[in-house]
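Below, each chain spelled out in residue letters.
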Amino acid sequence: MSEGDAIIRVIDLHKKFFDGANELHVLKGISVEVRRGEMVCVVGPSGVGKSTFLHILGALERPSSGTVLFDGRDLFQMSDDELAEFRSRRIGFVFQFHYLLPEFTALENVALGALIAGVPRDEAFSRAEEMLKRVGLKERMDHKPSQLSGGERQRVAVARALINDPDVLIADEPTGNLDKRTGETVFRLIWELKEATGKTLILATHDPSLAVRGDRIFRMIDGKIEPLSQEEIDAYLPQREVRSKGGG
Ligand SMILES: Nc1ncnc2c1ncn2[C@@H]1O[C@H](COP(=O)(O)OP(=O)(O)OP(=O)(O)O)[C@@H](O)[C@H]1O
Ligand SMILES: [Mg+2]
């Protein structure tokens, strides 16, 4: 890979949590590069550290040691203010739970992300309207989260994540809280937006049928990540085999 290809470069990342006298060493030396425009998936059992890893990539949390270079800039050498500014402009985050503010409408929830980034009010709201149209919620802009379905709430969360046109979208189990079919719709929306805009997508998921659509798939195991082999990817998607047998 040439220098210019990597938008994110992770070098020997460690994360420890401390609970009184107990130390929990979650990330034990992760090194990986993410190329601009690719979709990287992370799978692994519950509690292995996927969210911890994604939170650090998205500058929501600091590592115990190690380096994350974003476009060559060392994230954790930045001050808290610089980091907050970076996070609001360059990274979009979608979580398993939507975290929309209940007292605000869909439109206000989405616009808020732009307002926080310093976008003037009129522009923030017109951008939010545009984003909500793109996620298919033109008719739902004035609804509050409680008036939306789970899938619609996640679509609002996707619109909010993309409002400042970030380079990288980080999605942590974005469909984990949805039924299979709704999850598929939300996933397809994320994927289509990524394809249309050339954004880099980093996705953690329990759902192998989503993970196998990544350009690269990593398994997190014992605090590290390793790429899945093609055989493993095939095994992850038994439907593939069924299809090719059926189509023979
Ligand atoms: N702030 C924290 N303080 C202490 N321990 C934490 C903290 N955040 C996470 N952990 C612990 O770190 C480990 C990894 O958690 P993490 O949420 O990253 O796992 P995960 O792979 O995302 O799991 P899941 O698939 O269930 O979402 C867990 O044992 C968790 O309890
Ligand atoms: Mg998690």
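The structure we're discussing is the one just above.
A. Seen up close, the overall build of the chain. Secondary structure summary: the chain contains nine helices and ten strands in total. Based on the C-alpha atoms only, the size of the chain along its principal axes is roughly 55 × 50 × 40 Å. The buried share of the chain, taken over its 248 residues, is 38%. Taking the intrachain contacts of the chain between residues at least 6 apart in sequence as the baseline, contacts between residues at least 24 apart amount to 69%.

B. Representation of the site of ligand 1 within the structure. The environment of ligand 1 is made up of F17, D19, L24, V26, G44, S46, G47, V48, G49, K50, S51 and T52. Where the shell around ligand 1 is concerned, the elements lending two or more residues are β1 (6-19), β2 (22-35) and α1 (50-57). It is α1 that contributes the most residues to the shell around ligand 1, three residues altogether. Among the residues forming the shell around ligand 1, the class breakdown is four nonpolar, six polar and two charged.

C. Highlighting unusual backbone geometry. Despite not being glycine, A59 shows a phi value in the positive range, around 60 degrees. Tracing the backbone shows A59 in the loop between α1 and β4 (65-70). Since 22 C-beta atoms lie within 10 Å of it, A59 is described here as buried. Residue D71 is not a glycine yet carries a positive backbone phi of 55 degrees. Tracing the backbone shows D71 in the loop between β4 and β5 (73-74). On the basis of neighbour count, D71 is assigned to the partly exposed category, with 13 C-beta atoms found within 10 Å.

D. The sheet that holds strand β3 (residues 39-43), seen in detail. One open sheet holds the six strands; their spatial order is β6-β7-β8-β3-β9-β10, and the pairing between them is mixed. Only two strands of the sheet have a single partner each, and these edge strands are β6 (91-94) and β10 (224-227). Each strand axis lies, on average, 20 degrees off the axis of its neighbour in the sheet, ignoring direction.

E. Fine view of α1. Counting buried positions over the eight residues of α1 gives six, a clear majority of the element. With its phi angle positive at about 60 degrees, A59 sits one or two positions after the end of α1.

F. Region of interest: the environment of V186. Considering the arrangement of structural elements, one finds V186 in helix α6 (residues 180-197). For V186, a count of 25 C-beta atoms within 10 Å puts it in the buried group. For V186 and P174, which are twelve residues apart along the polypeptide, the C-alpha to C-alpha distance reads 7.9 Å. Residues contacting V186, with those up to four places away along its chain left out, are G151, Q154, R155, P174, T175 and L178.

G. Looking closely at the sheet that holds β1. As summarised here, the arrangement of the four strands in space is β2-β1-β4-β5, forming an open sheet in which the pairing is antiparallel. Looking at strand neighbours, the two that pair on one side only are β2 and β5, the edges of this open sheet. The pairing of β1 with β4 spans five bridges and is classified as antiparallel. From the neighbouring strand, I8 faces β4, where its bridge partner is F70.

H. Structural detail: the pairing of β10. One ladder, built from four bridges, connects strand β9 (residues 216-221) with β10; its direction is antiparallel. If you follow I221 over to β10, its bridge partner there is K224. From the end of β9 to the start of β10, which pair antiparallel, there are two residues, and D222 there has a positive phi angle of about 50 degrees.

The rules behind the values
Residues numbered from 1 in each chain as written. Chains lettered and ligands numbered in written order. Predicted model: local features only at pLDDT ≥ 70, side-chain atom pairs only at ≥ 80, totals over all residues. Helix = DSSP H or I, 4+ residues; strand = E, 2+ residues; numbered from the N terminus. Buried ≥ 20, exposed ≤ 12 C-beta atoms within 10 Å, placed from the backbone. Contact = placed C-beta atoms within 7 Å. Near = placed C-beta within 6 Å. Nonpolar A, V, L, I, M, F, W, Y, C, P; charged D, E, K, R; others polar. Pairing = 2+ DSSP bridges. Axes fitted to C-alpha atoms, helices over the stretch in contact; angles between N-to-C directions.

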